[in-house]
Amino acid sequence: MDVADLTRELVAIPSHDDETAAGDYVEEWLREHTDAAVERDEHGNVFARRGAGEASLALAGHHDVVPPDASQVVGGSVEPESDYVLEERDGRLYGRGTADMKGCLAAAMCAFRDADPDDLDCELVFASFVEEEDGALGSEKAVEDGFAPDYAVVGEGSTGYSAAGVTDVAVAHKGRRGSTITARGTAAHASEAEEGENAVYAATDAIELLREMEVPETEVLGHELEGSVVVTEIEGGSAWNVVPERCEITVDERTVPGERAPLEWVETYEAVEWTVDQDLEPMACGDADFAELALDVAAAEQAGDPEHVVKPHATDAGNLAEAGTDCLVIGAAEPGEAHTADESVSMDVLDRCFRIYRGIAESL
């Protein structure tokens, strides 16, 4: 079974509502096609290990997907067990999960199977996590349980960053911290506004502070990463003639390794409260030799000239990096493909990623 065939098999398994069946398939495939030690943890994550050495390298991905568009399921009605539509045209596979990220999960599985044991000087690990689309919860739980390989290649998208069609090597990515700022006041009739405390006014004071706040910046292997803080939602008030007693602001913060924006400053305003709803870790590779090795392998497997790049959004690599793993992100998905109604992936690039993953494993 090659990468394209395995991708077809994986994409056909619905895993937006319940990823158990997809995890079952991954586990059974590894048991059938490899002699590795395969395990499924209590969370549903699938692991396999083969080879030995002083260092360990994980080829990692996830087998859950976001809910499909109606056009991506048979019959056009999205139900938990809806069959997924998979189409092939112009050298690309179309369907939910092709780009994010069952295609590169298949490439990692095949690379794990085919890596030559005579060329392995490390313990080679395969990992497929659950609940990545819900906030990288599967990898977070795995790390809490002690999963911390020395190195990891995470198969999220890195193609098309430096140039169209080129599969680059991402040495860092931003994280995401989602927050809610709640301002409280005292309701009053709008004709007697002085009798109340306007929560919207308190909220706008907090917004002004956020707009003036300097965001963190850092450098990873010569590449600049700059964070951001954006107010994305605001809700407050109960009626046109009532001074609002409550106002909530949603804040999207893109974080960089090593530092966060001081959002807690908004609590210097009386009756303003800040709470964190989600915190996805950023990633920075700290091993320049590992990053160079991967770039050399990637260059040897394609006609283009790949580069070290950075990604704007979080992946499972953030949790692994927090555990001390030196991570890279290398994958077939291109910017703008994931989570779309016409999600697709190039079969040639999937095969390229398979060769890159295998090459890194055999060269480390």
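Because the structure is predicted, anything quoted here is derived from the model rather than measured.

Colleague: Please clarify how the pattern of salt bridges should be interpreted in this entry.
Modeller: Across all of its chains, the model carries 23 salt bridges by this definition. A salt bridge links Arg-246 to Glu-248, with the shortest nitrogen-to-oxygen separation between them at 2.5 Å. Exposure remark for Glu-248: the relative accessible area of 29% places this residue in the partly exposed category. The network of salt bridges with common partners includes Asp-24, Glu-27, Arg-31 and Arg-40.

Colleague: Sorry, what's going on with the nonpolar core here?
Modeller: Generally speaking, a soluble globular protein has its nonpolar side chains buried in company with each other. Counting residues in hydrophobic clusters, the biggest one holds 60 residues, and the most contacted among them are Leu-30, Leu-57, Phe-126, Tyr-357 and Ile-360. Element by element, the count of residues in this core is highest for helix α3 (residues 98-114), at 10 residues. Judged by nonpolar contacts, the second largest core, of 19 residues, contains Ile-181, Ile-207, Leu-209 and Val-266.

Colleague: How should I be thinking about a negative patch on the surface in this particular structure?
Modeller: A cluster of acidic residues, Glu-214, Glu-217, Glu-219, Glu-224 and Glu-226, forms a negative patch on the protein surface. Secondary-structure elements contributing two or more residues to the negative patch are β11 (217-220) and β12 (223-226). You can see Glu-214 is positioned in the loop between α5 (199-212) and β11. Using a relative accessible area of 71% as the deciding quantity, one classes Glu-214 as exposed.

Colleague: What should I look at first to understand the layout of surface pockets in this one?
Modeller: In this approach, a probe sized like a water molecule rolls over the atoms, and the result shows the empty space that is left. Reported here for the largest pocket is a volume of approximately 500 Å³. Lining the largest pocket are 25 residues, and of these Asp-100, Glu-132, His-313, Ala-314 and His-339 lie nearest its centre. For the lining of the largest pocket, the secondary structure elements donating two or more residues are α3 and β16 (272-280). Taken as a whole, the second largest pocket spans an internal volume of roughly 180 Å³. Around the second largest pocket, the lining residues are Arg-184, Gly-185, Glu-197, Asn-198, Tyr-201, Ala-202, Asp-205, Tyr-269, Glu-270, Ala-271 and Val-272. For the lining of the second largest pocket, the class distribution of residues is 5 nonpolar, 2 polar and 4 charged.

Calculation rules
Residues numbered from 1 in each chain as written. Predicted model: local features only at pLDDT ≥ 70, side-chain atom pairs only at ≥ 80, totals over all residues. Heavy atoms only, no water. Salt bridge = Lys/Arg side-chain N within 4 Å of Asp/Glu carboxyl O. Buried < 20%, exposed > 50% of the residue type's maximum accessible area, 1.4 Å probe, protein only. Core = buried A, V, L, I, M, F, W, Y, C linked by side-chain atoms within 4.5 Å. Helix = DSSP H or I, 4+ residues; strand = E, 2+ residues; numbered from the N terminus. Patch = residues over 30% accessible without salt bridge, like charges linked within 9 Å, V, L, I, M, F, W, Y side chains within 5 Å. Areas by Shrake-Rupley, 256 points an atom, 1.4 Å probe, with all protein chains shown as cover. Lys, Arg positive; Asp, Glu negative; His and termini not counted. Charge placed at Lys NZ, Arg CZ, Asp CG, Glu CD. 1 Å grid on protein atoms, 1.4 Å probe; cavity = no way out; pocket = protein on both sides within 12 Å on 5 of 7 lines; lining within 4 Å. Points joined across faces, edges and corners; volume = space filled by probe spheres on them. Nonpolar A, V, L, I, M, F, W, Y, C, P; charged D, E, K, R; others polar.

Note that every value here comes from positions in space, so none of it alone points to a role or purpose.
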